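Here's the letter readout for the chains.
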Amino acid sequence: MTNTPATHVPDATDVVGLYDAMFRRRDTRAEFTGEPIPAEVLDRILTAAHAAPSVGLSQPWDFILVTDPAVRRSFREHVHQERAVFNDQLDARQAETFARIKVEGIMEAGLGIVVSYDADRGSPAVLGRHAIADAGLYSVCLAIQNLWLAATAEGLGVGWVSFYREEFLRDLVGLPETLRPIAWLCVGPVRDLPTVPDLERHGWRNRLPLSEVVHHERYDPIRGR
Ligand SMILES: Cc1cc2nc3c(=O)[nH]c(=O)nc-3n(C[C@H](O)[C@H](O)[C@H](O)COP(=O)(O)O)c2cc1C
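Residues numbered from 1 in each chain as written. Predicted model: local features only at pLDDT ≥ 70, side-chain atom pairs only at ≥ 80, totals over all residues. Heavy atoms only, no water.

Asker: How should the overall build of the chain be read in this particular structure?
Answerer: If you tally the helices and strands in the chain, you get seven helices and four strands. Counted from the first residue to the last, the chain has its helices and strands arranged as α-α-β-α-α-β-α-β-α-β-α. Its C-alpha atoms give the chain principal-axis dimensions of roughly 70 × 45 × 40 Å. Counting every position in the chain, which comprises 225 residues, the buried fraction comes to 38%. With 24 positive and 31 negative side-chain charges, the chain shows a separation of 5 Å between the mean positions of the two kinds. (Helix = DSSP H or I, 4+ residues; strand = E, 2+ residues; numbered from the N terminus. Buried < 20%, exposed > 50% of the residue type's maximum accessible area, 1.4 Å probe, protein only. Lys, Arg positive; Asp, Glu negative; His and termini not counted. Charge placed at Lys NZ, Arg CZ, Asp CG, Glu CD.)

Dropping the structure here:
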């Protein structure tokens, strides 16, 4: 009998590198240098995104790379309008905190990546999606997380922008009606990555202790809030 290991056993530096990228990863807004991303690095992070798991191997993502300053400016204007819409929903104290928080680095990062979801790809028989339609969306989010971690390992920053109306972004980058934009990602070289999320630094919200979100055997309503 051959003794073939079922799994690749990573060496210690692989493991440290993976955890390091996970814990150094930060949503980035203000730290972009504006420098371009070397073509081979961009190719690597897109390849990492495209290696993500997907329901039924549907690979329902597309990546639209946007560098045109006019398009980015137009998107930023729209985001600022939506920021005002959100601001109107806040009480005075929240609005004061929110005023200090930057929510995008669209012009500072030289590249925007619009990630979209195509529910028709591989359909109708998407293996594993018959009962949970959202499984397609989960797949796109995994591709985004792969890209985010790979970008972090490459020394790039990524900022996810969601202050937009889907129809606006769809029109802006020419997505067909059947595709949903899931994210605008600001991507580029950074001076550094903050160690604390901006939202924590500005007192908007803190990361919860792990013990509040881990449940044993059954969901404990005292914990999950
Ligand atoms: C789905 C999603 C949408 C987000 N939208 C925005 C956004 O519009 N603007 C922004 O500044 N950050 C956005 N973020 C980043 C979060 O604010 C950030 O992940 C959170 O504050 C934790 O910080 P960290 O990513 O640096 O750990 C988004 C993150 C996710 C996952």
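Asker: Before we go on, may I ask you to explain the nonpolar core in this structure?
Answerer: Taken as a class, soluble globular proteins show a tendency for nonpolar side chains to be buried jointly. Within the largest apolar cluster, 26 residues are counted, with the highest numbers of intra-cluster contacts made by Ile45, Ile113, Ile144, Leu147, Leu185 and Val187. Put simply, the parts of the chain that give this core at least two residues each are α2 (39-50), β2 (111-118), α5 (135-153), β3 (156-161) and β4 (179-189). Among the elements that line this core, the one with the most residues is α5, at eight residues. The contact partners of isoleucine 113, leaving out residues within four places of it in the chain, are Leu42, Leu46, Phe63, Ile64, Leu65, Leu147, Ala183, Trp184, Leu185 and Val187. (Core = buried A, V, L, I, M, F, W, Y, C linked by side-chain atoms within 4.5 Å. Contact = heavy atoms within 4.5 Å.)

Asker: Sorry if this is basic, but what is going on with the pattern of salt bridges here?
Answerer: Pairing between side chains becomes possible if they bear opposite charge and their charged atoms approach one another. The final tally for this structure, using the stated rule, is 10 salt bridges. Among the ionic pairs, arginine 121 bridges to aspartate 118, the shortest N-O distance being 3.8 Å. Owing to a relative accessible area of 13%, aspartate 118 belongs among the buried residues under this scheme. Residue arginine 180 is joined to glutamate 166 by a salt bridge in which the shortest nitrogen-to-oxygen separation is 2.8 Å. Of this pair, arginine 180 sits in strand β4 while glutamate 166 sits in helix α6 (residues 166-173); the two residues are 14 residues apart in sequence, bridging distant segments of the chain. Through salt bridges with shared partners, a single ionic network connects Asp27, Arg29, Asp198 and Arg201. (Salt bridge = Lys/Arg side-chain N within 4 Å of Asp/Glu carboxyl O.)

Asker: Hey, could you run me through the pairing of β3 in this one?
Answerer: Each regular strand carries side chains that alternate between the two faces of the sheet. In terms of burial, β3 is largely enclosed, as five of its six residues are buried. When β3 meets β4, the two strands line up antiparallel, connected through six bridges. Note on β4: the bridge partner recorded for tryptophan 160 is leucine 185. (Pairing = 2+ DSSP bridges.)

Asker: Mind showing me how you'd approach a nonpolar patch on the surface here?
Answerer: A surface patch of nonpolar side chains, about 500 Å² in accessible area, is lined by Val15, Leu18, Tyr19, Met22 and Phe23. With respect to the helices and strands, the residue leucine 18 is situated in helix α1 (residues 12-24). Relative accessible area serves as the criterion here: at 46%, leucine 18 is assigned to the partly exposed category. (Patch = residues over 30% accessible without salt bridge, like charges linked within 9 Å, V, L, I, M, F, W, Y side chains within 5 Å. Areas by Shrake-Rupley, 256 points an atom, 1.4 Å probe, with all protein chains shown as cover.)

Asker: Help me out: how do you make sense of α6 in this one?
Answerer: One turn of an α-helix holds 3.6 residues; hence residues three or four places apart share an orientation. Within α6, the full set of buried residues consists of Leu169, Arg170 and Val173. Projection of α6 onto a plane perpendicular to its axis shows the buried side chains occupying an angular sector of 105 degrees, all on one side. Taken together, the buried residues of α6 touch β1 (61-66), α3 (69-87), β2 and β4. (Arc of directions from axis to C-beta.)

Asker: Could you clarify how one ought to interpret unusual backbone geometry in this entry?
Answerer: The phi angle of most residues is negative, glycine excepted, and most peptide bonds adopt the trans form. Across the junction of serine 123 and proline 124, the peptide omega takes the value 10 degrees, indicating a cis bond. You can see proline 124 is positioned in the loop between β2 and α5. Of note in the backbone geometry, leucine 57 takes a positive phi value of approximately 55 degrees without being a glycine. Following the sequence through the fold, leucine 57 ends up in the loop between α2 and β1. Of the residues examined, leucine 57 reaches a relative accessible area of 62% and is grouped as exposed.

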